Amino acid sequence: MPFCLSCRLALLSLLAVAVAGAGAQGAEPLPAAFMPSSEVRPGMRGEGRTVFRGFDVETFQAEILGVDHNAYPGSNMILARLSGPLLEQHGVVAGMSGSPVFIDGRLIGAVAYGWSFAYHPYCGITPIEDMWSVWNKVDEAPATTRMARNGAGRPWNYREAWDAYQRRLAGEPAEAQPPPTGFRPSLPQFRGLEGEMRPLMTPVFVSSASPRTRDRLGRFLAGRGLELFAAGGLTGADAAAPMDAPPLQAGSSLGVPMITGDLMLGGVGTVTWADGDRIIAFGHPMYALGPTNAPMSPSRVLGFMQSYNRSFKLAEVGPAIGTITQDRLFAVAGRVGPTPGQVEVRAEIVGEAAHRAREFRFKIWDHPDFMPMMVVTALEEAYLSSVSEAGDYTARTVTRIRMRDGREIEKSFVASSDVFTILSASYEMMFDLFLLTENPFRVGQIDRIDMRTEVNPGIRRDSMLWMEPEYSRYEPGELVQIRARFQEYLGPEYDRVLELRLPEDLKPGTYVLHVADASTAVRIESMARPGQFLADDFDDLIRIARASHVPEDKLYLYLYEPALGVDLLEHSLGGMPVSVESLIQATAPAGLQSMSVGRLAQTQTYDFPAPVYGAQTLLLDVVEHVQR
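Parameters and conventions
- Residues numbered from 1 in each chain as written.
- Predicted model: local features only at pLDDT ≥ 70, side-chain atom pairs only at ≥ 80, totals over all residues.
- Heavy atoms only, no water.
- Pairing = 2+ DSSP bridges.
- Helix = DSSP H or I, 4+ residues; strand = E, 2+ residues; numbered from the N terminus.
- Axes fitted to C-alpha atoms, helices over the stretch in contact; angles between N-to-C directions.
- Parallel < 35°, antiparallel > 145°, perpendicular 65-115°, else oblique.
- Left-handed = near helix turned anticlockwise from the far one by under 90°.
- Contact = heavy atoms within 4.5 Å.
- Nonpolar A, V, L, I, M, F, W, Y, C, P; charged D, E, K, R; others polar.
- Core = buried A, V, L, I, M, F, W, Y, C linked by side-chain atoms within 4.5 Å.
- Buried < 20%, exposed > 50% of the residue type's maximum accessible area, 1.4 Å probe, protein only.
- Expected span 1.5 Å × (residues − 1).
- pLDDT = per-residue confidence, 0-100.
- Phe/Tyr/Trp six-rings, centres within 6.5 Å; stacked < 30°, edge-to-face > 60°.
- Lys NZ or Arg CZ within 6 Å of the ring centre and 35° of its normal.

1. Focus on the pairing of strand β20 (residues 390-403)
Here is step 1 of the chain: Summarising the sheet, β20 and strand β21 (residues 408-419) pair through 11 bridges and their orientation is antiparallel. What sits directly across from Arg400, in β21, is Glu410.
Here is step 2 of the chain: Relative to strand β22 (residues 446-457), β20 is paired through 11 bridges, and the arrangement is antiparallel. Bridge assignment links Tyr393 to a residue of β22, and that residue is Pro457.

Shown next as structure tokens:
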């Protein structure tokens with residue numbers, strides 16, 4: 001049953017209490033170098049640390065206004081006014097999240113909240129005792145288990161889940177299918193309104209991106225409380241080179257690189273405290289993932305962008321130097337050292353229409369909530385960088401997903417259009433990654449993704465005009481020849497003969513022959529085999545991903561024996577007594593049965609040099625003997 005709004009709010013409050021309580025029980029004691037909010041008094045003065053340019057940590061001043069008790073259940077918020085040359089000019093800026101504030105040399109917390117359209121640099125400081133509870137969980141591993149089945153022991157209907165997933169990506173409610181990992185609270189969009197204190201926005205910077213890519217990423221990230229900005233970045237070969245940055249310390253600029261290589265995408269905040277290889281930062285969540293495995297990196301601040309709404313730092317992120325293991329209500333925390341898993345993506349764009357024929361390389365954060373969208377975006381950006389968004393082109397694409405257990409999902413596409421011919425391949429890639437990451441069985445361990453696209457000028461596609469069989473009556477086992485006429489795009493008509501061998505054991509009667517293009521074939525397959533949309537385990541998903549591919553440069557022939565009845569899973573029960581069919585309809589779950597349209601007797605596929613469109617249905621009479 002979907003959660004109502006009041007239930008969600010109540011659950012979030014309980015989660016906040018649990019987080020606060022977890023930090024108080026069995027945690028390391030608060031070091032003497034820290035000052036809890038219970039000792040903070042109005043009028044106290046201190047200094048903060050952040051990066052205004054480059055890597056150098058500089059100081060600013062802070063005056064305590066007071067303590068907002070129980071700002072969250074069981075936790076406080078310290079209110080302060082900041083001052084300093086740049087802060088008086090720009091206000092409290094996005095990217096300062098996590099900037100530490102010290103009073104008499106003792107750390108009280110991190111600048112984490114602010115107001116939009118504020119005349120003065122007022123801020124909310126997350127107390128260090130709440131952040132310390134996250135510090136103590138730095139080595140807690142993220143959960144890797146998932147429920148074994150979906151619902152009350154029924155196979156997983158990925159088609160319903162796919163529809164819900166698409167609505168979720170578009171920012172629409174997705175109540176039809178709960179996420180397989182359970183309840184996930186919706187993140188607010190951290191765009192504060194006048195008079196309302198919100199977490200300082202975590203700016204996410206993108207470089208080497210086309211307007212289409214920036215728009216797509218911006219809409220995707222906005223639903224996760226982040227805002228996208230275009231800025232410089234390390235791309236290409238430089239992305240793998242270490243950034244010439246000093247070790248992370250309190251006040252250092254911290255990056256979270258999500259994509260590196262020929263496209264750079266990463267969020268920026270500030271380190272609150274560092275001790276050895278451990279750091280804590282931000283003072284609020286980035287994605288609210290709990291235990292996680294996000295990459296972290298040094299970040300170089302290029303300058304400040306002043307805004308009447310909320311100013312922000314301009315920054316670039318470098319390659320990963322460690323892992324953020326906690327993304328909690330009060331902070332993010334992690335360790336410098338081993339970096340999290342990344343999916344390697346390669347896209348080769350060639351052909352006469354590719355003005356920049358080359359291979360693009362990316363490394364993408366391997367997280368199921370982000371990786372599918374990031375992979376598809378990177379592949380589309382490679383195409384846009386080499387071709388264009390609009391133009392009369394024909395693109396032939398081969399994609400390959402290679403998993404760490406050696407299995408592969410390979411598909412080929414051909415598309416011919418006047419706009420964005422990579423769309424069908426990228427849509428199918430999103431679908432395959434959805435199957436591998438959003439299913440209720442386990443997350444597929446993806447090692448590498450390859451795409452090769454050959455793009456040539458001109459639209460090449462054929463349209464079916466008409467077709468007819470040579471005869472109207474045939475014997476079992478006879479070869480059916482169908483005369484068909486097609487027309488090339490803005491070109492001449494041509495004839496072609498299609499053949500279908502009838503099975504030897506075919507019974508006399510009238511049969512239906514569907515000659516279908518790709519889209520019609522999908523509908524026929526869906527009606528004929530409803531069980532193909534159900535999966536009992538992860539191996540079923542690999543089978544579904546491979547079988548669901550229907551290339552557009554083929555025609556599909558289906559010969560059906562008409563028979564009304566019931567299909568259960570993939571098995572046709574037509575021809576059974578009416579009483580038995582009624583019993584099955586009354587007892588079998590609705591999701592496992594469908595009305596039968598007939599028994600599939602024969603199939604045949606024909607290749608075409610270009611995408612082919614059109615469909616026709618023919619009737620064939622089968623008799624025991626025909627006199628020619």
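On we go.
2. Focus on the packing of helix α5 (residues 211-222) against helix α6 (residues 371-386)
Here is step 1 of the chain: Following both chains from N to C, one finds α5 and α6 inclined at 170°, their axes separated by 10 Å at the closest point. By the angle between their axes, α5 is roughly antiparallel relative to α6. Crossing of α5 against α6: the hand is right-handed. Of the residues in α6, those touching α5 at Arg212, Thr213, Arg216, Leu217, Phe220 and Leu221 are Met373, Met374, Val376, Thr377, Glu380, Glu381 and Leu384.
Here is step 2 of the chain: Residue classes in the contact of α5 with α6 are distributed as seven nonpolar, two polar and four charged.

3. Let's talk about the sheet that holds strand β34 (residues 612-613)
Where strands meet in a sheet, backbone hydrogen bonds hold them as pairs that are either parallel or antiparallel.
Here is step 1 of the chain: If you walk across this open sheet you meet the four strands as β26-β25-β23-β34, and the pairing is mixed. Of all strands in the sheet, those with a lone pairing partner are β26 (493-501) and β34, marking the two edges.
Here is step 2 of the chain: As paired elements, strand β25 (residues 479-488) and β26 share nine bridges and run antiparallel to each other. Paired with Gln481 across the two strands is Glu499, which belongs to β26.

4. Let's talk about unusual backbone geometry
With the exception of glycine, the majority of residues adopt a negative phi angle, and the majority of peptide bonds are in the trans configuration.
Here is step 1 of the chain: One non-glycine residue, Phe282, adopts positive backbone phi at about 75°.
Here is step 2 of the chain: As for its position among the elements, Phe282 is in the loop between β13 (278-281) and β14 (290-305).
Here is step 3 of the chain: With phi around 55°, Leu490 is a residue other than glycine that occupies positive phi space.
Here is step 4 of the chain: Structurally, Leu490 is set in the loop between β25 and β26.

5. Some words on the nonpolar core
Here is step 1 of the chain: Of all hydrophobic cores here, the largest spans 79 residues; its most connected members are Leu265 and Met374.
Here is step 2 of the chain: The greatest single-element share of this core, amounting to 10 residues, is contributed by α6.
Here is step 3 of the chain: Discounting residues that sit within four places of it in the chain, Met374 has contacts with Leu217, Phe220, Leu221, Met258, Ile259, Leu265 and Ile364.

6. A short note on helix α7 (residues 423-437)
Here is step 1 of the chain: In this model α7 runs 21 Å from its N-terminal to its C-terminal C-alpha over 15 residues, within 8% of the 21 Å that 1.5 Å per residue would give.
Here is step 2 of the chain: For α7, the tally of buried residues reaches 12 of 15 residues, placing the bulk of the element in the interior.
Here is step 3 of the chain: Within α7, the full set of buried residues consists of Ala425, Ser426, Glu428, Met429, Met430, Phe431, Asp432, Leu433, Phe434, Leu435, Leu436 and Thr437.

7. Topic: the packing of α7 against helix α9 (residues 538-547)
Here is step 1 of the chain: Running from N to C, α7 and α9 cross one another at 175°; their axes reach a closest spacing of 10 Å. Considered as vectors, α7 and α9 are oriented roughly antiparallel to each other. Across the interface between the two elements, Asp432, Leu435 and Leu436 from α7 touch Phe538, Leu541, Ile542, Ile544 and Ala545 from α9.
Here is step 2 of the chain: Grouping the constituent residues of the contact of α7 with α9 by class yields seven nonpolar, no polar and one charged.

8. Some thoughts on the confidence of the model for the chain
If pLDDT is low for a region, its predicted coordinates should not be looked at in detail.
Here is step 1 of the chain: Put simply, the chain has an average pLDDT of 82, and 80% of its residues get 70 or more.
Here is step 2 of the chain: A low-confidence stretch, residues 1-26 (pLDDT under 50), is modelled with 19 contacts involving residues beyond four sequence positions or located in other chains.
Here is step 3 of the chain: Contacts from residues 147-152, a stretch scored under 50 in pLDDT, to residues over four places away or in other chains number 11 contacts.

9. Side note on the packing of aromatic side chains
Here is step 1 of the chain: Tallied over the entire structure, the rule returns 22 aromatic pairs.
Here is step 2 of the chain: Ring geometry for Phe486 versus Phe608: centroids 5.1 Å apart, planes at 65°, classification edge-to-face. Within this pair, whereas Phe486 is found in strand β25, its partner Phe608 is found in the loop between β33 (599-607) and β34, the two being separated by 122 residues in sequence. Side by side, Phe486 and Phe608 carry an identical accessibility label, which is buried.
Here is step 3 of the chain: Taken together, the ring pairs in this structure connect Trp156, Tyr158, Trp162, Tyr165, Tyr427, Phe431, Phe434 and Phe441 into an aromatic cluster.
Here is step 4 of the chain: Sitting above the plane of the Phe420 ring, Arg212 keeps its charged end 3.8 Å from the centroid.

10. Thoughts on the sheet that holds strand β24 (residues 473-474)
Here is step 1 of the chain: Taken in spatial order, the five strands make up an open sheet running β24-β35-β27-β29-β33, and their pairing is mixed. Edge positions in the open sheet fall to β24 and β33, since each of these has one partner strand only.
Here is step 2 of the chain: Sheet topology places strand β27 (residues 509-516) next to strand β29 (residues 554-561); five bridges connect them, and they run antiparallel. In the sheet register, Leu513 faces β29, and the bridge partner there is Leu559.

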